[in-house]
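Listed here are the chains, written in short residue letters.
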Amino acid sequence: YLFGGGYTISSPHSRRKFAGHLARAAGTLALVPDYALAPEHPFPGAIESALAAYRFLLERGFAGGRIIVCGDSSGGGLAAATLLALKQRGLPLPAGAVPISPWADLSCSGQTFEPLSTVDLTVSRDGLQRMAADYLGAADPRNPLASPIFGNFSGLPPLLVIVGGYESLLDDAVRLARQAAVGGVDVTLRVWAGMQHVFPLYAGFLPEADAAIAMIGGWIRARLGGDHLRDGRP
């Protein structure tokens, strides 16, 4: 599970409880890596950290097909970018990925920033552009490992994309799902009407958050199949 924070803030501690909710719903273990943040560690620092976390699991005997990569906001974009990087480097692919409210376009060209600016309570184009500048430095914002909506998803595993209907990043989620579908990927896009950015974090407070966690858990179980957790062993 890759935490959100615009590649510049937050930590694994902010998502440990939520990752635990997902792990319980899915019947799995959860790993929440402490990936490198900008501006001290600009692009491709985050993607290299995500790959290191994935290799950590492979080296401990977890087959790629027994792993699901999840994340929210920038971590959701990073989850999708990690799939592209794994394919690029010829590493075993996971069983799937779950980008939640993904920030998947660091050029910030999405079409829902303006129309949803009055209802999105947390995300703005200006704020994301500042974070993107800190993370990207001189890198091209259209690099697929930074902005996976520009990537080639052919040959990649299934995606479950979760997003709220009141999110400025709604278009990022829709375009990510569309780009994956163009590449022949099995994609499920679920838009929760009236919900805010990364609304599943509010487990226990919002029934929609609880429903989203249950849906993600069921989707992961279906991808992994059968008895995928055997006393903590792969």
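Residues numbered from 1 in each chain as written. Predicted model: local features only at pLDDT ≥ 70, side-chain atom pairs only at ≥ 80, totals over all residues. Heavy atoms only, no water.

**Regarding the overall build of the protein**
- Secondary structure summary: the protein contains six helices and four strands in total.
- For a compact globule of 234 residues, the expected C-alpha radius of gyration is about 17 Å, and the protein comes in at 16 Å, within 12% of that figure.
- Overall, the C-alpha framework of the protein stretches about 45 × 40 × 35 Å when taken along its three principal axes.
- Every one of the 234 residues in the protein was classed for burial, and the buried ones make up 53%.
- For the protein, the share of sequence-separated contacts (at least 6 apart) that also reach a separation of at least 24 residues comes to 79%.
- Just so you have it, the protein exposes about 9,900 Å², and 54% of that area is on carbon and sulfur atoms.
- Between the averaged position of the 19 positive side-chain charges in the protein and that of its 19 negative side-chain charges there is a distance of 8 Å. (Helix = DSSP H or I, 4+ residues; strand = E, 2+ residues; numbered from the N terminus. Rg over C-alpha atoms; globule rule 2.2 N^0.38 Å. Buried < 20%, exposed > 50% of the residue type's maximum accessible area, 1.4 Å probe, protein only. Contact = heavy atoms within 4.5 Å. Areas by Shrake-Rupley, 256 points an atom, 1.4 Å probe, with all protein chains shown as cover. Lys, Arg positive; Asp, Glu negative; His and termini not counted. Charge placed at Lys NZ, Arg CZ, Asp CG, Glu CD.)

**Looking at a nonpolar patch on the surface**
- Where nonpolar side chains cluster on the molecular surface, the patch consists of Leu-201, Tyr-202 and Phe-205 and spans about 350 Å² of accessible area.
- Relative to the helices and strands, Leu-201 resides in the loop between β4 (187–192) and α6 (207–224).
- Judged by relative accessible area, which is 30%, Leu-201 ranks as partly exposed. (Patch = residues over 30% accessible without salt bridge, like charges linked within 9 Å, V, L, I, M, F, W, Y side chains within 5 Å. Salt bridge = Lys/Arg side-chain N within 4 Å of Asp/Glu carboxyl O.)

**Observations concerning the packing of helix α2 (residues 45–59) against helix α3 (residues 74–88)**
- Interaxial distance between α2 and α3 falls to 10 Å at its minimum, and their mutual angle equals 70°. When the interaxial angle is binned, α2 and α3 end up roughly perpendicular. When α2 is examined against α3, the residues Ala-46, Ile-47, Ala-50, Leu-51 and Tyr-54 are found in contact with a partner set consisting of Leu-78, Ala-81, Thr-82, Ala-85 and Leu-86.
- Its residues assigned to classes, the contact of α2 with α3 shows nine nonpolar, one polar and no charged. (Axes fitted to C-alpha atoms, helices over the stretch in contact; angles between N-to-C directions. Parallel < 35°, antiparallel > 145°, perpendicular 65-115°, else oblique. Nonpolar A, V, L, I, M, F, W, Y, C, P; charged D, E, K, R; others polar.)

**Observations regarding helix α5 (residues 170–182)**
- If you check α5, its first and last C-alpha atoms are 18 Å apart, about what 13 residues at 1.5 Å a residue would give, namely 18 Å.
- Leu-170, Asp-171, Asp-172, Ala-173, Arg-175, Leu-176, Ala-177 and Ala-180 are the residues of α5 that are buried.
- Phi for Gly-184, located one or two positions after α5, is positive at around 85°. (Expected span 1.5 Å × (residues − 1).)

**Considering the packing of aromatic side chains**
- Taken as a whole, this structure holds six aromatic pairs when the rule is applied.
- Aromatic side chains Tyr-7 and Tyr-135 sit 4.1 Å apart centroid to centroid with 5° between the ring planes, which places their arrangement in the stacked category. Of this pair, Tyr-7 sits in the segment before α1 (16–26) while Tyr-135 sits in helix α4 (residues 125–136); the two residues are 128 residues apart in sequence, bridging distant segments of the chain.
- One Lys or Arg, Arg-223, reaches over the ring of Trp-219 and ends 4.9 Å from the middle of that ring. (Phe/Tyr/Trp six-rings, centres within 6.5 Å; stacked < 30°, edge-to-face > 60°. Lys NZ or Arg CZ within 6 Å of the ring centre and 35° of its normal.)

**Concerning the side chain of Asp-105**
- Relative to the helices and strands, Asp-105 is located in the loop between β2 (96–100) and α4.
- Taking the relative accessible area as the measure of exposure, Asp-105 reaches 0% and is therefore buried.
- Among the polar contacts listed, one links the side chain of Asp-105 to the side chain of Arg-175, at a separation of 3.0 Å. (Polar contact = N/O pair within 3.5 Å; in protein donor to acceptor, adjacent residues only side chain to side chain.)

**Some thoughts on the sheet that holds β2**
- With parallel pairing, four strands are arranged side by side in an open sheet as β1-β2-β3-β4. The open sheet terminates on both sides in strands that have one partner only, identified here as β1 (68–72) and β4. Between one strand and the next, the sheet's axes are offset by a mean angle of 10°, whatever the strand orientation.
- Where β1 lies against β2, five bridges are found, and the strand directions are parallel. Residue pairing for β2: Gly-71 is matched across the bridge by Pro-99.
- With respect to the sheet, α3 is in contact with β1, β2 and β3 (159–164), its orientation differing from that of β1 by roughly 150°.
- Along the sheet face, α6 touches β1, β2, β3 and β4 and points at about 175° away from the line of β4. (Pairing = 2+ DSSP bridges.)

**Examining the pairing of β4**
- By the bridge criterion, six bridges tie β3 to β4 in an arrangement that is parallel. Of the residues in β4, the one forming a bridge with Val-163 is Val-191.
- Handedness of the crossover joining β3 and β4 through α5: right-handed. (Right-handed = clockwise from strand over helix to strand, strands pointing away.)

**Observations concerning the side chain of Asp-72**
- Residue placement: Asp-72 occurs in strand β1.
- Within the local environment of Asp-72, its side chain forms a polar contact with the side chain of Tyr-1, the two groups lying 2.6 Å apart.
- If we skip the residues at most four places from it in the chain, Asp-72 touches Tyr-1, Leu-2, Phe-3, Gly-4, Arg-15, Ile-100 and Val-198.

**Side note on α2**
- The end-to-end C-alpha distance of α2 is 21 Å, a good match for the 21 Å that 15 residues give at a rise of 1.5 Å each.
- Residues Gly-45, Ala-46, Ile-47, Ala-50, Leu-51, Ala-53, Tyr-54 and Leu-57 constitute the buried set of α2.
- Among the residues trailing α2, Gly-61 stands out with phi positive, at a value near 95°.

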